[in-house]
Amino acid sequence: MRAKKPIYVTQPYLPPLAEYMGYLEQIWSSKVLTNGGPLHQQLEDALCEYLGVDHIALFTNATIGLVTALQSLRVTGEVITTPYSFVATAHSLLWNGIRPVFVDIDPVTMNMDPARIEAAITPQTTAIMPVHCYGQPCDVEAIQRIADIYNLKVIYDAAHAFGVELNESSVLKYGDLSVLSFHATKVFNTFEGGAIVCPDAKTKLRIDQLKNFGFVDETTVVAPGINGKMSEVNAAMGLLQLKYIDGAMQRRCEIDATYRAHLQSVPGIRCVARSGASKDNFAYFPILVDAEYSSSRDDLYEKLKARGIYARRYFYPLICNFPMYRGLPSAHRENLPVANQMAQQVLCLPIYPSLQPDEQQDIIDVIKEQ
Ligand SMILES: *Cc1c(COP(=O)(O)O)cnc(C)c1O
C-alpha cells in the first residue's frame with residue numbers, strides 16, 4: 001500500500017492565501033457582497049481581456065449558466081447534444097422542458113461527430129449543444145454550417161475550454177453562446193462559478209437580467225429569471241487566480257508531456273491526442289485502455305485506487321444511460337456505438353499544477369506494472 005497522501009484526479013489551484021485576504025478586506029470595507037459589485041465588474045473585464053472575447057456575464061455556476069443560455073435564446077422542442085459529457089449538459093435541457101437528442105462522438109476527438117447531426121434533425125429541433133470535451137475544440141466550422149442550413153442555434157458547453165484557442169483566437173467565440181465553468185475542479189476556478197460568453201452587449205444585457213430574477217429596473221420584471229449571480233468572494237478568487245493562470249497551465253503542459261513520453265510505449269494504453277487547438281489548456285489527461293493491456297480498464301482503476309491514486313472514469317456512465325435519459329429513442333446503444341465504447345475504455349489520470357514529479361512517477365509506474 002502507498003503510505004503517502006492520496007492523489008486525486010484534480011486539485012484546485014490555490015493562489016497565496018495572504019493575497020486573497022487583501023481582497024476580503026476590500027469586500028469588508030465596501031460592504032458590497034454581491035449583486036454586480038466592483039470585483040464582479042473587474043473580473044468580467046479581466047476575463048474578456050485574458051480570453052480575448054468581447055462580453056462575459058458571470059454566473060454562480062455553469063449549470064445555471066447553461067439553463068439561462070437556453071432561455072435567453074428561447075430554445076424549445078429538441079436539442080441535439082452529446083452523451084459523452086458531464087450530466088449537467090443534458091440536465092440543462094430538461095430544466096427547460098427540452099428533449100435531448102443524443103448523437104454519437106468522433107473516436108479521435110471524443111467530441112460530437114458533425115456527420116451524425118443532420119440525420120438527428122426533426123421539425124422540433126431548434127438548437128445544437130456540443131461540448132468541447134477535455135478542452136479539445138469541436139469541429140466548429142462543420143457544426144456552424146449545419147446550424148446555418150437548418151436555422152439552428154448553437155450553444156457550446158465550454159466548461160472544459162477555458163483559455164483554449166483555435167486558429168490563434170478564442171474557441172469561445174464560436175456559436176451563439178458559450179458557457180464556461182469555474183468550479184473548483186476546473187482549470188480556472190472561483191470555488192463555484194461560471195460565465196456565458198456573449199457576442200454583443202444586447203445579448204449580455206438580456207442574460208444579466210435573466211440571472212437577476214428577470215429584473216430590468218427597480219420595479220419591472222420581464223421574465224421568470226433565476227438567481228444566477230456570482231458573489232464578490234467568488235469574483236475575488238477569480239481575479240487572484242488570473243494572475244497565476246499562465247504558470248498553472250504551463251505546469252499542466254509539462255505533466256501532459258511527461259505522461260505521453262512514458263505511456264506511449266505501454267501496450268494497450270492510448271493517450272488521447274490533443275492536436276485541434278492552437279492554444280491548449282491541458283484540462284484533463286484521458287487514456288484509453290484496450291484489450292492489449294494486461295488488465296481491464298476497471299481493474300487498472302481499482303489497482304490505482306488501492307495505491308491511493310484516484311483516477312476517474314470520465315465519462316462513464318454516459319449521460320444517456322442515466323435513468324432520466326435512457327428511455328429516449330436516441331439513447332439506444334446502437335445509436336451511440338463510439339460513445340459506449342469510449343465510456344468502457346477511458347480513464348482520466350491526475351493532472352493539476354501541484355502534482356509532484358514523484359507522484360506522477362508513481363502513477364506511471366503503477367500503469368506500467370504488468
Ligand atoms: C463541470 C461541468 C459542468 C457543470 O459546471 P458547474 O460549474 O459545476 O455547474 C457542465 N458541463 C461540463 C462538461 C462540465 O465538465
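Note: the structure precedes this text.
What you are looking at is a predicted structure, and each value in this text was computed from that prediction instead of being measured. (Residues numbered from 1 in each chain as written. Predicted model: local features only at pLDDT ≥ 70, side-chain atom pairs only at ≥ 80, totals over all residues. Heavy atoms only, no water.)

Undergrad: Describe the site of the ligand, listing the residues and the values that go with them.
TA: Surveying the vicinity of the ligand reveals 14 residues, the closest of which are T63, D157, H160, S181 and K186. Within the side chain of H160, an N or O atom sits 2.7 Å from an oxygen atom of the ligand. Computed on the free molecule, the ligand has an accessible area of 390 Å², of which 93% lies beneath the protein chains in the complex. Those elements that place two or more of their residues in the shell around the ligand are α3 (62-72) and α4 (88-94). A breakdown of the residues in the shell around the ligand according to their chemical character gives four nonpolar, eight polar and two charged. (Near = heavy atom within 4 Å. Polar contact = N/O pair within 3.5 Å; in protein donor to acceptor, adjacent residues only side chain to side chain. Areas by Shrake-Rupley, 256 points an atom, 1.4 Å probe, with all protein chains shown as cover. Helix = DSSP H or I, 4+ residues; strand = E, 2+ residues; numbered from the N terminus. Nonpolar A, V, L, I, M, F, W, Y, C, P; charged D, E, K, R; others polar.)

Undergrad: If you had to explain the packing of helix α1 (residues 17-30) against helix α8 (residues 232-263) to someone new, which residues and values would you point to?
TA: Interhelical geometry of α1 versus α8 gives an angle of 145° and a closest axis separation of 10 Å. Judged by the twist between their axes, the crossing of α1 over α8 is right-handed. Counting all contacts with α1, which are made through E19, Y20, Y23, L24 and I27, the residues of α8 involved are E232, V233, A236, M237, L239, L240, K243 and Y244. Taken together, the residues of the contact of α1 with α8 sort by class into ten nonpolar, no polar and three charged. (Axes fitted to C-alpha atoms, helices over the stretch in contact; angles between N-to-C directions. Left-handed = near helix turned anticlockwise from the far one by under 90°. Contact = heavy atoms within 4.5 Å.)

Undergrad: Which residues make up helix α6 (residues 140-150), and what values go with them?
TA: Those residues of α6 not exposed but buried are V140, A142, I143, I146 and A147. Each buried residue of α6 sits inside an arc of 165° when the element is viewed along its axis, so together they form one side. Among the exposed residues of α6, those pointing more than 90 degrees away from its buried face are R145, D148 and I149. For α6, the elements touching its buried residues are α5 (117-120), β5 (125-129), β6 (153-157) and β7 (165-166). Residue N151 follows α6 closely and has a positive phi angle near 55°. (Buried < 20%, exposed > 50% of the residue type's maximum accessible area, 1.4 Å probe, protein only. Arc of directions from axis to C-beta.)

Undergrad: Outline the pattern of salt bridges, listing residues and values.
TA: Tallying each qualifying case throughout the model produces 15 salt bridges. Across the pair K5 and E359 runs a salt bridge whose closest N-O atoms are separated by 3.0 Å. Linking K5 in the segment before β1 (7-8) with E359 in helix α11 (residues 357-368), this pair joins segments that are 354 residues apart in sequence. In this structure, E44 engages K211 in a salt bridge whose closest nitrogen and oxygen atoms are separated by 3.9 Å. With E44 in helix α2 (residues 38-51) and K211 in the loop between α7 (201-210) and α8, this residue pair connects regions lying 167 residues apart in the sequence. (Salt bridge = Lys/Arg side-chain N within 4 Å of Asp/Glu carboxyl O.)

Undergrad: Quick rundown of the sheet that holds strand β9 (residues 177-181)? Include the residues and the values.
TA: One open sheet accounts for seven strands, arranged β2-β10-β9-β6-β5-β3-β4; its pairing is mixed. Of all the strands in the sheet, just β2 (55-59) and β4 (99-102) have a single pairing partner and so form its edges. Put simply, the sheet's adjacent strands are angled 25° from each other on average, direction ignored. Bridge analysis of β6 against β9 gives three bridges, and the strand direction is parallel. (Pairing = 2+ DSSP bridges.)

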